[in-house]
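This is what each chain is made of:
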Amino acid sequence: MSIQWFPGHMNAARKKAAETMENTDLVIEVLDARIPQASCNPMVEQLRIFRQRPCLKILNKTDLADPNATRLWLDYYNSQKNVHAVALSCKKPADVARIPALALKIAPHRGVPTKPLRMMIMGIPNVGKSTLMNALLKKRVANVGDEPAVTKTQQRLYLGKNMILTDTPGMLWPKIEHPTDGLMLAASHAIGINALIEEEIAVFLAEQLIAHYPQSLAARYGFDLTAMDGVAVVEGIAKKRGFRLKGGDWDFEKAAHTLLIDYRSGALGRVSLETPASREHLLATYVPPVLLGQGKSVQTGMETDEEE
């Protein structure tokens, strides 16, 4: 399943972001700590590298992510030029309070009333940018919603006298190259519901959980995973929860939605769907669809713990 979602307002947002980047000192990119690289917009990377702007990458929702995977991602990003990465939860005021000092440390040549530090907050839909803005300014200045793409226009606000924040709409990119990226983004609720089929997303998620977090699945739903695949897991949830259609068949759609909600809310525990090692494996083994007719196949997914 190939997922693509690029509403018209995102194209306008991309053009506006390119204009604003010229007068920006620091890019604050908010990522989903469960899928950091899958949630890293390549357009943001291209814009900031072209303008040679430093980046503070915030791995948000760290309280939902596997702490071991998060540590690996912090090492990965902090080894890159002009990049500083931190893991936090934008819902925790103490975590957010660290950000201004980190920003000033990255751009020490700015941050006074005559030369305020100009920052752009960027990221994919539903990753927590608006929550971050509200927490930084300690008041509601951005709409927060449970659906992707709540924010559709830029807004510019002062953080004290020494900092200027530009909040940007959540942006994906016109073509998601790797199918598993689209699936991870959809599972993590970064893609509009009309662009996906929840049952297919849930089967993908179940397969990832079987491979890497079987104990979490077993503990949450109380069944033996022996010889089960993703479809069987979703069916098992329907049976355990008593989800039935009017005709008596198991309600696969409701069970799929339940699994996705449990993952997104943290009810399954702290789960990450990718690591730097799994990302490297994906890039090394991915074959574009155009080559599939030449006898090649696509390999995706995460390695086992031993391979990492």
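None of these values were measured; they are calculated from a predicted model.

Asks: How would you summarise the pairing of strand β4 (residues 117-123) if you had to cite specific residues and measurements?
Replies: Most of β4 is tucked away, with six of its seven residues classed as buried. As paired elements, strand β1 (residues 26-32) and β4 share five bridges and run parallel to each other. The partner of Ile28 across the bridge, within β4, is Ile121.

Asks: Could you give me a rundown of the sheet that holds strand β2 (residues 55-60), with the residues and numbers involved?
Replies: Taken in spatial order, the six strands of this open sheet run β3-β2-β1-β4-β6-β5, and their pairing is mixed. With partners counted over all chains shown, the strands left at the sheet margins are β3 (83-87) and β5 (155-159), one partner each. In this sheet, neighbouring strand axes are inclined to one another by 25 degrees on average, regardless of whether the strands run parallel or antiparallel. Inspection of the sheet shows β1 paired to β2 by six bridges, in the parallel sense. Directly across from Val27, in β2, lies its bridge partner Cys55. Strands β1, β2, β3, β4, β5 and β6 (163-167) of the sheet are contacted by helix α5 (residues 99-106), whose axis makes an angle of about 155 degrees with β2.

Asks: Describe in detail the pairing of β2, supporting the description with residues and values.
Replies: With six of six residues buried, β2 is to be regarded as a mostly interior element. Side chains of β2 alternate between two faces, with Cys55, Lys57 and Leu59 and Leu56, Ile58 and Asn60 buried alike. Pairing geometry for β2 and β3, over five bridges, is parallel. Counterpart to Lys57 in the pairing with β3 is Ala85.

Asks: Help me get a handle on the pattern of salt bridges, residues and values and all.
Replies: Applying the stated criterion to the full structure yields ten salt bridges. As a salt-bridge pair, Glu22 and Arg51 come within 3.9 Å of each other at their nearest N and O atoms. With Glu22 in the loop between α1 (8-21) and β1 and Arg51 in helix α2 (residues 42-51), this pair connects stretches of sequence that are 29 residues apart.

Asks: With reference to specific residues and values, describe helix α6 (residues 129-137).
Replies: Where burial is concerned, most of α6 is hidden: seven out of the nine residues are buried. Backbone geometry just downstream of α6 places Lys138 in the positive-phi region, at approximately 55 degrees.

Asks: Account for the environment of Cys55, with residues named and values stated.
Replies: With respect to the secondary-structure elements, Cys55 resides in strand β2. Here Cys55 is in contact with Leu26, Val27, Glu29, Arg48, Asn82, Val83 and His84, once residues within four sequence places are set aside.

Asks: Can you explain the packing of aromatic side chains? Please cite residues and give values.
Replies: Under the counting rule described, the total for this entry stands at four aromatic pairs. Here the aromatic rings of Trp73 and Tyr76 are separated by 5.4 Å at their centres, their planes lie at 90 degrees, and the arrangement is edge-to-face. Of this pair, Trp73 and Tyr76 both sit in helix α3 (residues 67-78), three residues apart, roughly one helical turn. Given a relative accessible area of 0%, Trp73 falls into the buried group. Ring geometry for Tyr76 and Tyr77: centres 5.1 Å apart, planes at 75 degrees, overall edge-to-face.

Asks: Talk me through the packing of helix α9 (residues 214-221) against helix α10 (residues 230-241); I want residue IDs and the actual numbers.
Replies: At their nearest, the axes of α9 and α10 sit 11 Å apart, and the two run at 20 degrees to each other. Compared by their axis directions, α9 and α10 come out roughly parallel. Contacts between α9 and α10 pair Leu217, Arg220 and Tyr221 from the former with Val233, Ile237, Lys240 and Arg241 from the latter. Considering only residue class, the contact of α9 with α10 consists of four nonpolar, no polar and three charged.

Asks: Which residues make up the side chain of Thr166, and what values go with them?
Replies: Looking at where Thr166 falls in the secondary structure, it is placed in strand β6. Judged by relative accessible area, which is 7%, Thr166 ranks as buried. Excluding residues that lie within four positions of it along the chain, Thr166 makes contacts with Thr20, Met119, Met120, Ile121, Gln154, Gln155 and Arg156.

Rules behind the numbers
- Residues numbered from 1 in each chain as written.
- Predicted model: local features only at pLDDT ≥ 70, side-chain atom pairs only at ≥ 80, totals over all residues.
- Heavy atoms only, no water.
- Buried < 20%, exposed > 50% of the residue type's maximum accessible area, 1.4 Å probe, protein only.
- Helix = DSSP H or I, 4+ residues; strand = E, 2+ residues; numbered from the N terminus.
- Pairing = 2+ DSSP bridges.
- Axes fitted to C-alpha atoms, helices over the stretch in contact; angles between N-to-C directions.
- Contact = heavy atoms within 4.5 Å.
- Salt bridge = Lys/Arg side-chain N within 4 Å of Asp/Glu carboxyl O.
- Phe/Tyr/Trp six-rings, centres within 6.5 Å; stacked < 30°, edge-to-face > 60°.
- Parallel < 35°, antiparallel > 145°, perpendicular 65-115°, else oblique.
- Nonpolar A, V, L, I, M, F, W, Y, C, P; charged D, E, K, R; others polar.

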